[in-house]
Every structure is written in C-alpha cells, then in structure tokens.
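Overview (structure and organization)
As a plain string of letters, each chain reads:
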Amino acid sequence: MKQESISQLPSLEKKTFALHLISQVFNGIAIGIIILQDIILKKSLGGSDFQVMILTFLISSSFLFSIYGSELINRSKSRAKTILVVGAISKFFIIILPLFDSAVFYIICIAISAYLDSMLLSVWNIVYKHNYTDKNRSRLFSYASTLQIIFTLIVTTLTGYFLDANGNIYKLLFPVSGVFGLLVYYNLSKMITLSMDDYTGRDNTAKTQYSLKLIKDIIILPFRITQRVFKQNQAFLRFETYFFLYGMAFMVISPVIPVFLVDDLKLDYSPISIAKGLVFHAALIISTPLMGKFHGKGNPNKFCGYIFSVLALFPLLLVSSKYFYVLGLNIDVDLNVYLSFFLFGFAMSGVTIAWTLSSIYYAPIGEVSNYQAVHITLTGIRGVFSPALGYAVMKIFAIEYTFYLSAFLFLLGGLLMFRESRKLQRS
C-alpha cells in the first residue's frame, strides 16, 4: 500500500507533525549539549567513581516520578499551562548549574531537572496516540526522531571539541541547553492543545482537604496504578518484565562506561564525543526510519527480541578494547570504541521506538498515558538499584565483569521476548 505524502496528511496530523519537527530540532540541540554530563562530571569537575554512580542513579530513578506527572497534567485545569510551568522549573536548574564549581551542586541541578522532565514524559504519548493515526504513527515518529538525532549528532560532536579546548565551556553551553529545552515544552503544550482525546479539564472550584491519608495515597499512586494495570493485562505484565531485563542491562553499565572511557582507555573529550555523538547518532539516523517500518503497529515482542539480542554484543565489543595490547592485536582502540557505539546506536534506534510506542499496543483508548507512565515508572524502579549493582560489581570484582553481566541480561531479555512472541502467535 502506497504511503501518504506529508502534504496529504489530515489537518490534525499535519499541524502536529510540524510542531513535532520543530520541537525535535530544539530537543536535539538541548540534548546534544548535556549528553556528556557524566564525562564532564568525571573530567572537568574531578568527580569520583561514586559520584558518577550517584548521578546515574538519580537520573535513572527519576522515571519513578513519571506517573505523578501523568496525574498532575491530566487533572489540571489547563494541561498546556501545567506543562509550561513544570518545564520552566526543570530548565531553570540547568540554567543556574554553572553558578558554582561544585560536583555536588552539579549533580543536584541535573537530578532535579531530570525528575521534573520525567513528569512530562508520558504526556508525549497522548499526542502520539490521539494526534497521529495508527497507519502513520511509527513513520512520522521516526522522521521526527531522525531530525532530532541529526541535531544531537552535530551539537554533541562540537561540544566535545569545545570541551577539549576549554573544560569549563559547559558553563556557557548548559544555559543554552536550558533555553532550548524550554522551547521544546512550549511546542509540546501547543500539541497537547490540539489533542483529540477526551480531556475536558478539571473542575478546581472545590477545595481539596489535605490529610496524611491523602499524602500517603499520592505517594503510593505509581504502585497502585501499576498493580491495577498488570492485574488487568497479563500480556503487558510479561512484556514489561522482559523489558525490565533490558533496562537493567543498560543501567548496570551506565555508571561504568564514563569510568572505563576516562580511566581505563584514557580518552579525551573529542574521541568520546565522536563515539557518543557523531558515531552513535549517525547509526541512529541511518537505522531509525528502517526500525520505524520494522516496528510497525503490531505486537512488539519479536521486534524487541531482535534488538535486545543485538545489544548484547555492545558491552562485549566495548570491553574488548582493553585487551588489544594484551593479545598483541594491532587494532586502534579509538576505532574499536567507534565500532562499539555504532552497533549501540543501531540497536538503540529500535529501542527508542519500542520504548516510546510499544505500550500503545497494549493500552485501551483511555489508558494510554497511564500505560506509558507504568512503563516509565518501571524504568525508575530499575534505576533505583541497577547503577548501584554495576558499581558494586566493578568495585568488588573488576570493571570488565560489569560488561559481561550487561551482555547476559540483554541476551536473556531478548530470548524471553522471542518466547513471548511465539506464545502470542500460537494463541
């Protein structure tokens, strides 16, 4: 079946897609600047391995707050205004980050911003579900994502070169990231206003009586919603369980990679930014449109099985850089790091689409943001312990064992996804 051109899209999709493209340009610039945040902590601020782990832990666990954001936005009288307020507070902490030369202040600012950003993550799925048709959703999402990746690639690579010239240049760049991040939320607020879902706005005329019971109910809200969703949808529970293994694999090496690149491989900012910026995102650009087509709108289990299995090769290839000289192989370490991150980018192009869109397959019409909030909350739960697990393995055994553990978890998640796909086909 021939695909529609952009000019043939319905008015709602066309308007949303235009705003989506603009927001992704801004997002690419904002992300491109701060993507080296863990490397900056290690190299420019002299952060310890433990502080790198704490930064990773706080960013990863921030996803726990997604479900609170979903409730806050959906219960507010004006979703657009609430998005702007939360987004503005988030980016305020990125803008003021350069005020003090302190690793602790740096970590606090990034963590607060990450927690507030996570509160708005599930809101995007309302736009994807209700402003895009099933036929065009994956395709349009992949186009917008590719545009973001292009800008992230360019900005990250340039940021690395700037940091090699002056390790304190991040003090000028981070406020720029904060401004562009705020523009992203401005566009999101306009897209949510266009949404054709059943939101009517909350009647705030009645006063809310606060009590210890109400506060307790709010705190346990993510777990209550998660329990309800899983009880109603066992297939979604199984999908999230196997996705959880992928997330653990990703997070156990997150605090270890900066240490490995800086301390073990002795790399400067430039090769690291080329690997994490140019090479990684070039692979994303090449692969994302293909992955969007491959993912489609059907059951995502088989797709995730392939992607997770490929990801198992990334930590093994990366850690092999440490042993080239030991084995007497005449292979350039930088080149091997680039090959590792290209493979990583190829696989993560699929993960990005699966992470964002797969919950829509399982979600009833009125539960889209709740299902994605559950998905993001589980990301936060594994973020509470997975970085610490990776750090512990690195310190108790050796840094390479963290990479082996990651590869095992990636592969296990992939194999279980394949099994679930066959089970659903038989049923």
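In short, a report on the structure. Just so it is clear, the model here is predicted, and its values are computed rather than measured. (Residues numbered from 1 in each chain as written. Predicted model: local features only at pLDDT ≥ 70, side-chain atom pairs only at ≥ 80, totals over all residues. Heavy atoms only, no water.)

This part covers the overall build of the protein. Along the backbone of the protein there are 20 helices and 0 strands. Computed over its C-alpha atoms, the radius of gyration of the protein comes to 21 Å, within 12% of the 22 Å expected for a compact globule of 427 residues. Taken along the three principal axes of its C-alpha coordinates, the protein extends 70 × 55 × 50 Å. Looking at the 427 residues of the protein, the share that counts as buried comes to 57%. A fraction of 87% describes how many contacts in the protein between residues 6 or more apart in sequence connect residues 24 or more apart. With an accessible surface of roughly 18400 Å², the protein has 67% of that area assigned to carbon and sulfur atoms. Here the protein holds 36 positive side-chain charges and 22 negative ones, and the gap between their average locations is 9 Å. (Helix = DSSP H or I, 4+ residues; strand = E, 2+ residues; numbered from the N terminus. Rg over C-alpha atoms; globule rule 2.2 N^0.38 Å. Buried < 20%, exposed > 50% of the residue type's maximum accessible area, 1.4 Å probe, protein only. Contact = heavy atoms within 4.5 Å. Areas by Shrake-Rupley, 256 points an atom, 1.4 Å probe, with all protein chains shown as cover. Lys, Arg positive; Asp, Glu negative; His and termini not counted. Charge placed at Lys NZ, Arg CZ, Asp CG, Glu CD.)

Taken together, R419, R422, K423 and R426 make up a surface patch of like positive charges. Counting through the fold element by element, K423 comes out in helix α20 (residues 399–426). According to the relative accessible area criterion, K423 is partly exposed, its value standing at 40%. (Patch = residues over 30% accessible without salt bridge, like charges linked within 9 Å, V, L, I, M, F, W, Y side chains within 5 Å. Salt bridge = Lys/Arg side-chain N within 4 Å of Asp/Glu carboxyl O.)

Within the element layout of this structure, H281 appears in helix α14 (residues 269–295). From its side chain, H281 meets the backbone oxygen of K276 in a polar contact 3.2 Å long. With sequence-adjacent residues up to four places away left out, H281 is seen in contact with I35, I149, T152, L153 and K276. (Polar contact = N/O pair within 3.5 Å; in protein donor to acceptor, adjacent residues only side chain to side chain.)

Inspection of the secondary structure assignment puts F308 in helix α15 (residues 301–311). Judged by relative accessible area, which is 1%, F308 ranks as buried. Along the backbone, F308 and K43 are 265 residues apart, and their C-alpha atoms lie at a distance of 31 Å.

Attention now goes to the packing of helix α5 (residues 79–95) against helix α6 (residues 103–118). The description of two helices packed together rests on the angle between their axes and the distance between the axes. The contact between α5 and α6 brings their axes to 8 Å, and the two run at 160°. As far as their axial angle goes, α6 and α5 are roughly antiparallel. Judged by the twist between their axes, the crossing of α5 over α6 is left-handed. Contacts from V86, I89, S90, K91, F93 and I94 of α5 reach α6 at C109, I112, S113, L116 and D117. (Axes fitted to C-alpha atoms, helices over the stretch in contact; angles between N-to-C directions. Parallel < 35°, antiparallel > 145°, perpendicular 65-115°, else oblique. Left-handed = near helix turned anticlockwise from the far one by under 90°.)

Applying the stated criterion across every chain, the model contains 10 salt bridges. Between D101 and K171 there is a salt bridge; the shortest N-O distance is 2.4 Å. In this pair, D101 sits in the loop between α5 and α6 while K171 sits in helix α9 (residues 170–194), placing the two residues 70 residues apart along the sequence. Exposure remark for D101: the relative accessible area of 59% places this residue in the exposed category. E420 is the partner of R238 in a salt bridge, and the nearest nitrogen-oxygen pair spans 2.9 Å. In this pair, R238 is assigned in helix α12 (residues 234–253) and E420 in helix α20, connecting sequence segments 182 residues apart. The class of R238 is partly exposed, set by a relative accessible area of 23%. Judged by relative accessible area, which is 2%, E420 ranks as buried. Members of the salt-bridge network, linked through shared partners, are K42, D49, D263 and K395.

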